[in-house]
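Working through the structure, step by step
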Amino acid sequence: MKSMILSAYDRMPQSQEIAAPVPDDGEVLVRVVAASLNPLDVKLQSGLAHDYFPLNFPSAIGTDLSGIIEKTGSLTSRWRAGDKVIARLDPTRGGAFADFAIVPENQLVLIPETIALETAAGIPTAAGTAWQALVEYAGIVSGQTVLIHAGAGGVGSFAIQFARGLGARVIATASGDGIDIARRLGADLVIDYRHEDFADKITDIDFVLDTIGGETQRESYKVLRRGGKIASIVAPSDDTTAKAYSVDAEFIFHSSNGARLTEAVKAIQPFDVEILVDSVLPFSQFDRAFERQASGRARGKIILTI
Ligand SMILES: NC(=O)c1ccc[n+]([C@@H]2O[C@H](COP(=O)([O-])OP(=O)(O)OC[C@H]3O[C@@H](n4cnc5c(N)ncnc54)[C@H](OP(=O)(O)O)[C@@H]3O)[C@@H](O)[C@H]2O)c1
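Residues numbered from 1 in each chain as written. Predicted model: local features only at pLDDT ≥ 70, side-chain atom pairs only at ≥ 80, totals over all residues. Heavy atoms only, no water.

1. A few points about the overall build of the protein chain
A tally of helices and strands in the protein chain yields 10 helices and 16 strands. The C-alpha atoms of the protein chain give 19 Å as radius of gyration, which agrees with the globular expectation for 306 residues (19 Å, within 12%). Projected onto its principal axes, the C-alpha coordinates of the protein chain cover approximately 55 × 40 × 35 Å. Expressed as a percentage of its 306 residues, the buried residues of the protein chain come to 57%. Pairs at least 24 apart in sequence give 66% of the contacts found in the protein chain among residues at least 6 apart. When the accessible surface of the protein chain is split by element, carbon and sulfur atoms take 48% of a total near 13100 Å². Within the protein chain, one finds 29 positive and 38 negative side-chain charges whose respective centroids are separated by 2 Å. (Helix = DSSP H or I, 4+ residues; strand = E, 2+ residues; numbered from the N terminus. Rg over C-alpha atoms; globule rule 2.2 N^0.38 Å. Buried < 20%, exposed > 50% of the residue type's maximum accessible area, 1.4 Å probe, protein only. Contact = heavy atoms within 4.5 Å. Areas by Shrake-Rupley, 256 points an atom, 1.4 Å probe, with all protein chains shown as cover. Lys, Arg positive; Asp, Glu negative; His and termini not counted. Charge placed at Lys NZ, Arg CZ, Asp CG, Glu CD.)

In structure tokens:
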């Protein structure tokens with residue numbers, strides 16, 4: 001089978017023929033239909049994520065996939081061949097950009113017929129992270145106001161829609177055509193971060209999702225109400241600043257977790273969540289997909305069909 005393999009940090013992954021893996025106890029073999037890229041793939045490739053996710057070379061890459069169960073290992077009772085699933089693989093093992101992938105059974109989530117399997121590849125990391133931040137950490141309830149940075153990005157596009165589904169008033173930052181996209185997804189107010197300083201425009205925010213870090217994170221503390229919360233998914237929280245503003249700050253480190261992903265998937269239909277797709281490219285155009293992800297300009301998810 002073919003699989004994208006990274007031979008060393010900073011090299012472009014190459015498609016290689018390797019032996020199809022065999023599922024062990026508690027694992028399943030999934031025939032991959034589609035996989036989506038994440039900024040993490042770029043950070044893994046460059047070595048930037050080495051401290052969190054050290055790779056042993058050669059290393060298969062790719063974390064997010066959708067597909068059909070081909071075969072189950074022994075002691076795997078919950079799944080049947082033919083089930084349509086999504087999963088987020090352990091980043092250090094990778095293997096989503098391949099014909100087949102091995103997935104621990106507790107990381108699989110069944111995909112309802114109402115969601116196209118190809119598009120569903122865009123769900124795992126982005127939706128899982130948004131869910132972890134908004135529901136598990138912030139505990140967003142109806143009537144609160146949230147600020148979502150990069151509302152037209154992978155995580156931000158899910159976060160806007162989950163927050164709205166939870167009954168929050170949503171403010172997002174975006175630029176260019178991302179502004180209309182964030183509005184369409186349900187943001188009540190979109191601030192053009194290239195032309196306006198969001199910290200001058202809003203105040204008394206209950207929760208900020210920081211997808212950017214640096215100056216954006218520092219400015220975000222100013223817009224929170226006392227007792228508000230900020231979750232960063234890009235940089236460790238600054239406890240001194242959090243204390244000075246009397247807010248709660250947390251670094252969200254997303255981990256592959258089938259139970260959480262199940263909750264996020266369950267919300268897609270009732271919250272009328274659109275899986276925002278930036279582009280769909282065939283496996284043969286992996287380099288283009290990777291460059292688009294590395295540009296930092298994607299509007300939603302970049303999907304690779306396998
Ligand atoms: N901690 C974790 O476990 C975890 C999990 C998931 C993601 N992450 C990290 O979170 C970050 C976001 O992930 P993602 O998948 O959402 O990325 P993404 O899809 O690549 O985000 C792209 C979007 O970011 C927007 N953007 C760039 N700079 C901006 C700024 N200063 N203000 C507002 N919007 C801006 C871009 O809009 P323009 O083109 O208009 O600028 C673009 O639409 C990445 O660094 C990723 O590695 C961390």
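Further notes follow.
2. Quick look at the sheet that holds strand S1 (residues 2–6)
Read from one edge to the other, the open sheet built from three strands follows the order S2-S1-S4, with strand pairing classed as antiparallel. Among the strands making up the open sheet, the edge pair consists of strand S2 (14–17) and strand S4 (59–60). Bridge analysis of S1 against S2 gives four bridges, and the strand direction is antiparallel. Bridge pairing in S2 places Ile-5 opposite Gln-14. (Pairing = 2+ DSSP bridges.)

3. Overview of the site of the ligand
Taken together, 25 residues are adjacent to the ligand, and Lys-43, Ser-175, Tyr-193, His-254 and Arg-297 come closest. In this structure, Ser-175 approaches the ligand through a side-chain N or O atom, which is 2.5 Å from an oxygen atom. Between the ligand and the protein, one listed contact pairs an oxygen atom with a backbone N or O atom of Ala-298 at 2.7 Å. In isolation the ligand exposes 940 Å². Once the protein is present, 87% of that is buried. Going through the elements one at a time, helix H1 (39–46), helix H3 (124–137) and helix H4 (154–165) are the ones with two or more residues in the shell around the ligand. (Near = heavy atom within 4 Å. Polar contact = N/O pair within 3.5 Å; in protein donor to acceptor, adjacent residues only side chain to side chain.)

4. Comments concerning unusual backbone geometry
The omega torsion of the bond from Phe-57 to Pro-58 falls at -5°, within 30 degrees of zero and hence cis. Note on placement: Pro-58 falls in the loop between H1 and S4. We note that Ala-150 has phi near 60°; this positive angle belongs to a residue other than glycine. Looking at the secondary structure, you find Ala-150 in the loop between strand S9 (145–148) and H4. Unusually for a residue other than glycine, Asp-272 sits at a positive phi of about 55°.

5. Considering the packing of H1 against helix H10 (residues 286–294)
Following both chains from N to C, one finds H1 and H10 inclined at 100°, their axes separated by 9 Å at the closest point. As judged from the angle between their axes, H1 and H10 are roughly perpendicular. Contacts from Pro-39, Asp-41, Val-42 and Gln-45 of H1 reach H10 at Phe-290, Gln-293 and Ala-294. A per-class count over the contact of H1 with H10 returns four nonpolar, two polar and one charged. (Axes fitted to C-alpha atoms, helices over the stretch in contact; angles between N-to-C directions. Parallel < 35°, antiparallel > 145°, perpendicular 65-115°, else oblique. Nonpolar A, V, L, I, M, F, W, Y, C, P; charged D, E, K, R; others polar.)

6. Some details on the side chain of Ser-175
For Ser-175, the location among the structural elements is in the loop between strand S10 (169–174) and helix H5 (178–184). The residues contacting Ser-175, other than those within four sequence positions of it, are Asp-192, Tyr-193, Arg-194 and Arg-299.

7. What about the nonpolar core?
Ranked by internal contacts, the top residues of the largest apolar core, which has 48 residues, are Ile-123, Phe-158, Phe-162 and Phe-207. Elements with a minimum of two residues in this core: helix H2 (117–120), H3, S9, H4, S10, H5, strand S12 (205–210) and helix H9 (258–268). Ranked by residues supplied to this core, first place goes to H3 with seven residues. Looking at which domains feed residues into this core, each of domain 1 (2–123 + 275–305) and domain 2 (126–251) supplies at least three. The contacts of Ile-123, once residues within four sequence positions are left out, are Ile-86, Ile-111, Ile-115, Gly-128, Phe-158, Leu-261, Val-265, Ile-268 and Ile-275. Val-32, Ile-61, Ala-87 and Ala-298 belong to the second largest nonpolar core, which has 33 residues in total. (Core = buried A, V, L, I, M, F, W, Y, C linked by side-chain atoms within 4.5 Å. Domains from an automatic or database assignment.)

8. Concerning the pairing of S9
Burial along S9 is two-sided: the face carrying Thr-145 and Leu-147 and the face carrying Val-146 and Ile-148 are both buried. A crossover connection joins S9 to the parallel S10 through H4; in handedness this β-α-β unit is right-handed. Bridge count for S9 against S12 is three bridges, and the pairing is parallel. Looking at the pairing, Leu-147 lines up with Val-208 of S12. (Right-handed = clockwise from strand over helix to strand, strands pointing away.)

9. As for the sheet that holds strand S14 (residues 248–251)
An order of S11-S10-S9-S12-S13-S14 is seen for the six strands of this open sheet, with the pairing classed as parallel. Each edge of the sheet is formed by a strand with only one pairing partner; in this case those strands are strand S11 (189–192) and S14. For this sheet the average axis-to-axis angle between neighbouring strands, irrespective of direction, equals 15°. For S10 and S11, the ladder comprises four bridges, and the chain directions are parallel. From the neighbouring strand, Ala-172 faces S11, where its bridge partner is Val-190.

Everything listed here is a matter of coordinates, which is why it stays silent on function.
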